[in-house]
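# Commentary on secondary and tertiary structure
Listed here are the chains, written in short residue letters.
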Amino acid sequence: IQGHPIGVPLGEALAWLGYAGGGLQGVYGVALMVLVLNAALLNLLFRKAANSSLAFVGATLFVLTPADTTKAMLIHALFLQPGITFLLLSSLLYLSGRRLLCYLPLLGSLLSVETTLLPFFAVPLMAEQEAKTVCRRFLCNAAILFFMIGTVLLIRFWMSEERVATQLGPDPRI
């Protein structure tokens, strides 16, 4: 699980659900549903931030041109895409004015695949507001994100997780 306490179990659960529902074809069906869900969420996000023409083009490009072609499709769809789902949900909540609630699914993103958290730094820039407000909200969002990252990193370090411990040095408790 190594730092992905939500990502790995969720991916395995989605694979199991698909396999129980139809073997390998069922797993591909679940993967397709995850991708379609992300395309729909991206469409909604673009509609909030821009217009419906851009939303359709953006969601279509998301489906037709995958950003990560180095992974097998099932690994990508079942283990990486759920982190993107959490990111898109958080972005929609933020742009809908639910600024405190938006960080809950974002924690799911951080605990699934860390890299899916990074685009959330730019979400305050997508909201329509005055320049002074944009700067304040951007800095507040960045502070919350750095706090979340630092807290998770510290917990992982205290749990002596190998990936974090090798980066940060020896365990101070020893």
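Predicted, not measured: the structure shown is a model, and the values here were computed from it.

## With respect to helix 5 (residues 131–158)
A rise of 1.5 Å per residue sets the reference length of helix 5, with its 28 residues, at 40 Å; its end C-alpha atoms lie 40 Å apart and thus fit the reference within 8%. Looking only at helix 5, the buried set comprises Thr133, Val134, Asn141, Ala142, Leu145, Met148, Val152, Arg156 and Phe157.

## A word on the packing of helix 3 (residues 73–95) against helix 4 (residues 103–112)
In the contact formed by helix 3 and helix 4, the axes pass within 8 Å of each other and the chain directions differ by 160°. Relative to helix 4, the element helix 3 is oriented roughly antiparallel. At the point where helix 3 passes helix 4, the crossing takes the left-handed sense. Residues Gly83, Phe86, Leu87, Leu89, Ser90, Leu93 and Tyr94 of helix 3 form the contact with helix 4, whose participating residues are Tyr103, Pro105, Leu106, Gly108, Ser109 and Ser112. Per-class residue counts for the contact of helix 3 with helix 4 are eight nonpolar, five polar and no charged.

## Here's the deal with the side chain of Asn38
Looking at the element boundaries, Asn38 is found in helix 1 (residues 7–49). What makes Asn38 buried here is its relative accessible area of 0%. Those residues in contact with Asn38, other than ones at most four positions away along the chain, are Phe62, Gln81, Ile84, Thr85 and Leu88.

## Notes on the packing of helix 1 against helix 2 (residues 52–64)
Contact geometry of helix 1 with helix 2 gives a least axis separation of 8 Å together with a crossing angle of 155°. As far as their axial angle goes, helix 2 and helix 1 are roughly antiparallel. Seen from above, helix 1 lies across helix 2 with right-handed handedness. Of helix 2, the residues touching helix 1 (which contributes Leu35, Asn38, Ala39, Leu42, Asn43, Phe46 and Arg47) are Ser52, Leu54, Ala55, Phe56, Gly58, Ala59, Phe62 and Val63. Class assignment of the residues belonging to the contact of helix 1 with helix 2 gives a composition of ten nonpolar, four polar and one charged.

## Some points on the environment of Leu32
Along the chain, the position of Leu32 falls in helix 1. Overall, Leu32 belongs to the exposed group, its relative accessible area being 51%. Separated by 41 residues in the primary sequence, Leu32 and Met73 place their C-alpha atoms 9.9 Å from one another.

Rules used throughout
- Residues numbered from 1 in each chain as written.
- Predicted model: local features only at pLDDT ≥ 70, side-chain atom pairs only at ≥ 80, totals over all residues.
- Heavy atoms only, no water.
- Helix = DSSP H or I, 4+ residues; strand = E, 2+ residues; numbered from the N terminus.
- Expected span 1.5 Å × (residues − 1).
- Buried < 20%, exposed > 50% of the residue type's maximum accessible area, 1.4 Å probe, protein only.
- Axes fitted to C-alpha atoms, helices over the stretch in contact; angles between N-to-C directions.
- Parallel < 35°, antiparallel > 145°, perpendicular 65-115°, else oblique.
- Left-handed = near helix turned anticlockwise from the far one by under 90°.
- Contact = heavy atoms within 4.5 Å.
- Nonpolar A, V, L, I, M, F, W, Y, C, P; charged D, E, K, R; others polar.

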